[in-house]
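One letter stands for each residue in the lines below.
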Amino acid sequence: MNNTILGLVLVATVFLLGNYFAYAQTGEQNSPWIKPFFEDYATGKVSDSQMLDYISRLIRNGDVPVFTHGFHDNSAFIYPPEPDDDSDLTINTISWIDPGYAGTGDAYNVGNMIEDRGDFYHTYDEHPNSPYPKHSSADTYLRDSKLFESKMDFINAAFRLPHDIEISAEECEVENAFWRNGRIVICYELFYGILNDYQHHNFDQSTPQRIYLHDGLDYANTVLYFIFYHELAHALIDVYDLPITGLEENAADQFAALIMTYTVDEDGNQIVGRNMLKTVGSYYFDRHRYSTENCPVSSPTIHACFHPYWDTHAVDIQRHYNLLCYVYGSDPQNNQNLVDLGYLPQDRARGCEHEYKRIDESWRVLLKNYAILPDRTS
Ligand SMILES: [Zn+2]
């Protein structure tokens, strides 16, 4: 195939795919030209890498503003919030979710640790074609609240790096977060998506604005922190070339849960971290409930209705029970109500203290040459 024809095919591909995504968003997935087009693609007239490379270049350049999968109507997200004198809650929750502190490293390998040649650093990258109004955007909110920046001191004190690593908050056109090409990326769309989920599941119609603004942001902040630590785990596994058996996604969830349980508030109270982890557990439960209750069995293509059993992530309801197990296991005495009220079945609960201790000890061994984790909680 000569270059001119190839170019035309690629342009057509981009056009057709763009329309396909637009149709997918509106639920009209049966347009007659879709099937033949994908058949052509499937027969190899255009290679995967050629097509993907070309499309991603156009998207990166901002020539193709595709806002489909990650797009949510964020009209209910008002930032900054209206002043609310009646409430003890404030928008800035940073003070009560301090990530903890770097520990002393007692009994670990301080003398043999690698040289610290780099730091994590945080950047923002708003999309030039962002559909979100600036004043109520995730970009503005995250910059002002310093949600991730507030964690840089902690993780740089805890982890020694062979080189600098960027942690970027950006518009990705997908509702996700990932460790890719040496960068941690947290997508703004994920923030909107979590708020959107919260609105679906916990919307209190008697005081919608207030509940949404305050509790919704606490919820979103907490879930984002968990995902942030989950992606950090992927980064550490990669950069330190850590041995992991089992699915790395599970290991990353365990690491994130562990760091969360180390979290203390300004008074050193450890309850806060466990409550945060319960909140993350409820996020996965809500996602599971939504996908189970609101989706007809015949709609497997709608993402929210999708149970990807083959995926490397555990399905949402498993992630929910795993996180509750780690909360309980980290402090059974103070979390007995999780079992007594039936949130965590006894069958799982009885092994959770051991599970948690194993996770804690294993990460300390894995990281002994690279990090000084916060002191153990008790
Ligand atoms: Zn992951």
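Residues numbered from 1 in each chain as written. Predicted model: local features only at pLDDT ≥ 70, side-chain atom pairs only at ≥ 80, totals over all residues.

A.B. asks: Help me get a handle on the overall build of the protein, residues and values and all.
C.D. replies: A tally of helices and strands in the protein yields 13 helices and four strands. Going through the 378 residues of the protein one by one, you find that 30% of them count as buried. Sequence separation of 24 or more characterises 70% of the internal contacts of the protein that already satisfy a separation of 6 or more. (Helix = DSSP H or I, 4+ residues; strand = E, 2+ residues; numbered from the N terminus. Buried ≥ 20, exposed ≤ 12 C-beta atoms within 10 Å, placed from the backbone. Contact = placed C-beta atoms within 7 Å.)

A.B. asks: Explain the nonpolar core to me, using residue names and the numbers behind them.
C.D. replies: Core analysis: the largest hydrophobic core is formed by 73 residues, its most contacted members being I186, L224 and Y229. Per-element tally for this core: the top contributor is helix α7 (residues 208–239), with 14 residues. Residue contacts for I186: discarding those within four places in its chain leaves F148, A169, A177, L224, I227 and F228. (Core = buried A, V, L, I, M, F, W, Y, C linked by C-beta atoms within 7 Å.)

A.B. asks: Lay out the sheet that holds strand β1 (residues 120–125) in plain terms, naming residues and giving numbers.
C.D. replies: Spatial ordering of the open sheet is given by β1-β2-β4-β3, a layout of four strands whose pairing is mixed. Strand pairing shows two members of the sheet lacking a second neighbour, β1 and β3 (177–180), which therefore form its edges. Within the sheet, the average angular offset between the axes of one strand and its neighbour, ignoring direction, is 20 degrees. (Pairing = 2+ DSSP bridges. Axes fitted to C-alpha atoms, helices over the stretch in contact; angles between N-to-C directions.)

A.B. asks: Would you mind going over helix α10 (residues 316–330) in detail, with residue names and values included?
C.D. replies: Helical periodicity: at 3.6 residues per turn, an α-helix aligns residues three or four positions apart in one direction. Taking 1.5 Å per residue as the helical rise, α10 with its 15 residues ought to reach 21 Å, and the 21 Å between its terminal C-alpha atoms agrees with that figure. Here α10 lies mainly inside the structure; 12 of its 15 residues are buried. Listed in full, the buried residues belonging to α10 are R319, H320, Y321, N322, L323, L324, C325, Y326, V327, Y328, G329 and S330. (Expected span 1.5 Å × (residues − 1).)

A.B. asks: Quick one: what's the story with helix α13 (residues 352–366), residue by residue and with numbers?
C.D. replies: Look at α13: 21 Å from first C-alpha to last across 15 residues, which is about the 21 Å you get at 1.5 Å a residue. For α13, the full list of buried residues reads C352, Y356, I359, D360 and W363. Down the axis of α13, the buried set is contained in an arc of 95 degrees. They therefore lie on one face. Across from the buried face of α13, at angles greater than 90 degrees, the exposed residues are H354, E361 and V365. Elements in contact with the buried residues of α13: α8 (248–262), α10 and α12 (346–349). (Arc of directions from axis to C-beta.)

A.B. asks: Tell me about the confidence of the model for the protein, and name the residues and values.
C.D. replies: Close reading of the predicted structure is inappropriate where its pLDDT is low. Averaged over all residues, the pLDDT of the protein equals 74, while 66% of them reach at least 70. Segment residues 203–214 is flagged for pLDDT under 50; beyond a separation of four residues in sequence, or across chains, it makes 12 contacts in the model. (pLDDT = per-residue confidence, 0-100.)

A.B. asks: I'd love a proper account of the packing of α10 against α13, names of residues and values included.
C.D. replies: Where α10 meets α13, the axes come as close as 7 Å, and the angle between the chain directions of the two elements is 90 degrees. Between α10 and α13, the interaxial angle falls into the category roughly perpendicular. Taking contact as the criterion, the partners of C325, Y326, Y328, G329 and S330 in α10 are, on α13, C352, E353, E355 and Y356. A per-class count over the contact of α10 with α13 returns five nonpolar, two polar and two charged. (Parallel < 35°, antiparallel > 145°, perpendicular 65-115°, else oblique. Nonpolar A, V, L, I, M, F, W, Y, C, P; charged D, E, K, R; others polar.)

A.B. asks: Tell me what's going on with unusual backbone geometry, and back it up with residues and numbers.
C.D. replies: Located in the positive-phi region is K146, a residue other than glycine, with phi close to 55 degrees. Structurally, the position occupied by K146 is in the loop between α4 (138–145) and α5 (152–158). The phi angle at N181 is positive, at roughly 50 degrees, despite the residue not being glycine. N181 sits in the exposed class, given 7 other C-beta atoms within 10 Å.

A.B. asks: An account of the pairing of strand β4 (residues 183–187) is needed here, citing residue identities and associated values.
C.D. replies: Burial analysis of β4 places four of its five residues in the buried class, which makes it a mostly covered element. As defined by bridge partners, strand β2 (residues 165–170) adjoins β4 across five bridges and the pair is classed as parallel. Residue E170 lies in a different strand from β4, and its bridge partner there is C187. Strand direction decides the pairing type here: β3 and β4, joined by four bridges, are antiparallel. Looking across to β4, one finds that A177 is bridged to I186. Taken together, β3 and the strand that follows it, β4, pair antiparallel across an intervening segment of two residues, in which N181 is found at a positive phi of about 50 degrees.

A.B. asks: Describe the packing of α8 against α13, with residues and values.
C.D. replies: Packing of α8 against α13 brings their axes to within 10 Å, and their N-to-C directions diverge by 100 degrees. It follows that α8 is roughly perpendicular to α13 by the angle criterion. Here Q254, F255 and L258 of α8 lie close against α13, whose contacting residues are I359, D360 and W363. By residue class, the composition of the contact of α8 with α13 is four nonpolar, one polar and one charged.

A.B. asks: How would you explain the environment of I155 if you had to name every residue and give the values?
C.D. replies: Mapped onto the secondary structure, I155 falls in helix α5. On the basis of neighbour counts, which here come to 23 C-beta atoms within 10 Å, the residue I155 falls in the buried class. Considering only alpha carbons, one finds I155 and L373, 218 residues apart in sequence, at a separation of 9.2 Å. Residues in contact with I155, not counting those within four places in the same chain, are F120 and L232.

A.B. asks: Would you mind going over the environment of E171 in detail, with residue names and values included?
C.D. replies: Tracing the chain through its elements places E171 in the loop between β2 and β3. Distance from E171 to V185, taken between C-alpha atoms, is 9.4 Å for residues 14 residues apart in sequence. Ignoring anything within four residues of it in the chain, the contact list for E171 reads E126, H127, S130, C187, Y188 and E189.

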